[in-house]
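Residue-level structure breakdown
These are the residues of each chain, in order.
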Amino acid sequence: MKIATWNVNSLKVRLPHLLQWLDTNPVDVLCIQETKLTDDKFPLAEINAAGYEVAFSGQKTYNGVAILSRLPIGDVVRNNPHYPDEQQRLLAATIGGVRFICAYVPNGQAVGSDKYAYKLAWLAALQEWVRAEMAAHPQFAILGDYNIAPEDRDVHDPAEWAGQIHCSEPEREALRALFGQGLADAFRLFEQPEKQYSWWDYRQMAFRRNRGLRIDHILLSPALAQRCTACTIDRETRKWEQPSDHAPVVATLD
DNA sequence: ATGGCAATAGAGTATTGA
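Residues numbered from 1 in each chain as written. Chains lettered and ligands numbered in written order. Predicted model: local features only at pLDDT ≥ 70, side-chain atom pairs only at ≥ 80, totals over all residues. Heavy atoms only, no water.

1. Let's talk about the environment of Leu15
- One can find Leu15 in helix 1 (residues 11–24).
- By relative accessible area, Leu15 is classed as buried at 11%.
- When the C-alpha atoms of Leu15 and Ile101 are compared, they prove to be 22 Å apart, with 86 residues separating the residues in sequence.
- If we skip the residues at most four places from it in the chain, Leu15 touches Pro43, Glu46 and Ile47. (Helix = DSSP H or I, 4+ residues; strand = E, 2+ residues; numbered from the N terminus. Buried < 20%, exposed > 50% of the residue type's maximum accessible area, 1.4 Å probe, protein only. Contact = heavy atoms within 4.5 Å.)

Shown next, in the form of structure tokens:
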């Protein structure tokens, strides 16, 4: 089973890229974020035609998440039952005996801002939901855009980013709290090349200079981590015309 | 220190992202 996560930054704009990527990367499950589409505008027919079932939860302009699957999708839950939220950032589903959560963690904008407080409160509530879901489903994975670089080695210039949004200690602590529940960062289960990132700013030729952050993650429960044989970031999509600023992250499970 | 690029909403420019 291959599973993946990708922040597409507007599914309306990126649908051709999504279909092209799935054509050459026919993963079994793909979690996408920032669809930015209300549900009535979701391109259901096109995705079904590509061989995927899909669950989605969207809104106008911002946020929006979806789970695409080649296998039947069951027990879909929108949002965190422990945290009422108008923003559509979370979607859970059971596929092939695995419980999945697709997550779009708030950006946080700037340390100390209202949006930063929302990010930390949202993450604290997520931890409670994850605890419950993991207890009920030993085969558990949470994939998405976390908007947090776990360590300095996940940052192109740690000095420039020190204490900044995506790298601040409270954010990293929130991520470590998830690791503390037994979740493993699939990417770090394996030997990896240095300077591997999943997001690059559109400005200042950041991609060509590899000035990026690794903020998109696949976290696996112990039972799933045991099944994981590879995890990679696919930089190719970022070279395409009019790309998303994020790259897909892919994990292989036995 | 600020904006730089992109997407959206909506008709010039503001907001948000990361």
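So, next bit.
2. Comments concerning the nonpolar core
- Of all hydrophobic cores here, the largest spans 34 residues; its most connected members are Ile3, Ile67, Phe100, Ala141, Leu143, Ile218 and Leu220.
- Looking at this core element by element, the count peaks at four residues for strand 7 (residues 98–104).
- Discounting chain neighbours no more than four positions away, the residues touching Ala141 are Ile3, Val98, Arg99, Phe100, Ile101, Leu219, Leu220 and Leu224.
- Counting 21 residues, the second-largest nonpolar core is a separate cluster that includes Leu90, Ala92, Val105 and Trp129. (Core = buried A, V, L, I, M, F, W, Y, C linked by side-chain atoms within 4.5 Å.)

3. Considering the sheet that holds strand 6 (residues 90–95)
- Strand order across the open sheet formed by six strands is 5-6-7-8-12-9, with mixed pairing between neighbours. Here the strands that pair on one side only, and so sit at the sheet edges, are strand 5 (74–78) and strand 9 (184–185).
- Here strand 5 pairs with strand 6 via three bridges, running antiparallel. Across the sheet, Val77 pairs through a bridge with Ala92, a residue of strand 6.
- Against the sheet, helix 3 (residues 114–136) engages strand 5, strand 6, strand 7 and strand 8 (140–145), with an angle of about 155° to strand 8. (Pairing = 2+ DSSP bridges. Axes fitted to C-alpha atoms, helices over the stretch in contact; angles between N-to-C directions.)

4. Focus: unusual backbone geometry
- Unlike most non-glycine residues, Asn63 shows phi in positive territory, near 60°.
- Checked against the element boundaries, Asn63 lands in the loop between strand 3 (53–57) and strand 4 (65–69).
- Residue Asn63 is classed as buried on the basis of its relative accessible area, which comes to 5%.
- Positive phi values are uncommon outside glycine, yet Asn147 reaches one of about 55°.
- Note on placement: Asn147 falls in the loop between strand 8 and helix 4 (158–161).

5. Here we look at the pattern of salt bridges
- The final tally for this structure, using the stated rule, is 14 salt bridges.
- Salt-bridge contacts for Asp154 lead to Arg188; the nearest nitrogen and oxygen are separated by 2.6 Å. With Asp154 in the loop between strand 8 and helix 4 and Arg188 in the loop between strand 9 and strand 10 (199–200), the pair connects residues that are 34 residues apart, well separated along the chain.
- Judged by relative accessible area, which is 24%, Arg188 ranks as partly exposed.
- A salt bridge links Asp154 to Arg214, with the shortest nitrogen-to-oxygen separation between them at 2.8 Å. Of this pair, Asp154 sits in the loop between strand 8 and helix 4 while Arg214 is found in the loop between strand 11 (212–213) and strand 12 (216–220), placing the two residues 60 residues apart along the sequence.
- For Asp154, a relative accessible area of 0% corresponds to the buried category.
- For Arg214, a relative accessible area of 1% gives the class buried. (Salt bridge = Lys/Arg side-chain N within 4 Å of Asp/Glu carboxyl O.)

6. Side note on the packing of aromatic side chains
- Applying the stated criterion across every chain yields a total of four aromatic pairs.
- Taken together, a centroid distance of 4.0 Å and an interplanar angle of 0° make the contact between Phe42 and Phe56 stacked. Residue Phe42 is found in the loop between strand 2 (29–33) and helix 2 (44–49), and its partner Phe56 is found in strand 3; the two are separated by 14 residues along the sequence.
- Note on Phe42: relative accessible area 9%, which makes it buried.
- Over the aromatic face of Tyr52 sits the side chain of Arg70, whose NZ or CZ is 5.2 Å from the ring centroid. (Phe/Tyr/Trp six-rings, centres within 6.5 Å; stacked < 30°, edge-to-face > 60°. Lys NZ or Arg CZ within 6 Å of the ring centre and 35° of its normal.)

7. Focus: helix 3
- Along its 23 residues, helix 3 runs 33 Å from first to last C-alpha, staying within 8% of the 33 Å computed at 1.5 Å per residue.
- Taken together, the buried positions of helix 3 are occupied by Tyr116, Tyr118, Lys119, Trp122, Leu123, Ala125, Leu126, Gln127, Trp129, Val130, Glu133 and Met134. (Expected span 1.5 Å × (residues − 1).)

8. Focus: helix 5 (residues 169–180)
- Relative to the 16 Å expected for twelve residues at 1.5 Å per residue, helix 5 spans 16 Å between its end C-alpha atoms, a close match to the ideal helical length.
- Taken together, the buried positions of helix 5 are occupied by Glu171, Arg172, Ala174, Leu175, Ala177 and Leu178.
- On its buried face, helix 5 sits against helix 3 and strand 12.
- Phi turns positive one or two residues past the end of helix 5, at Gly182, with a value near 110°.

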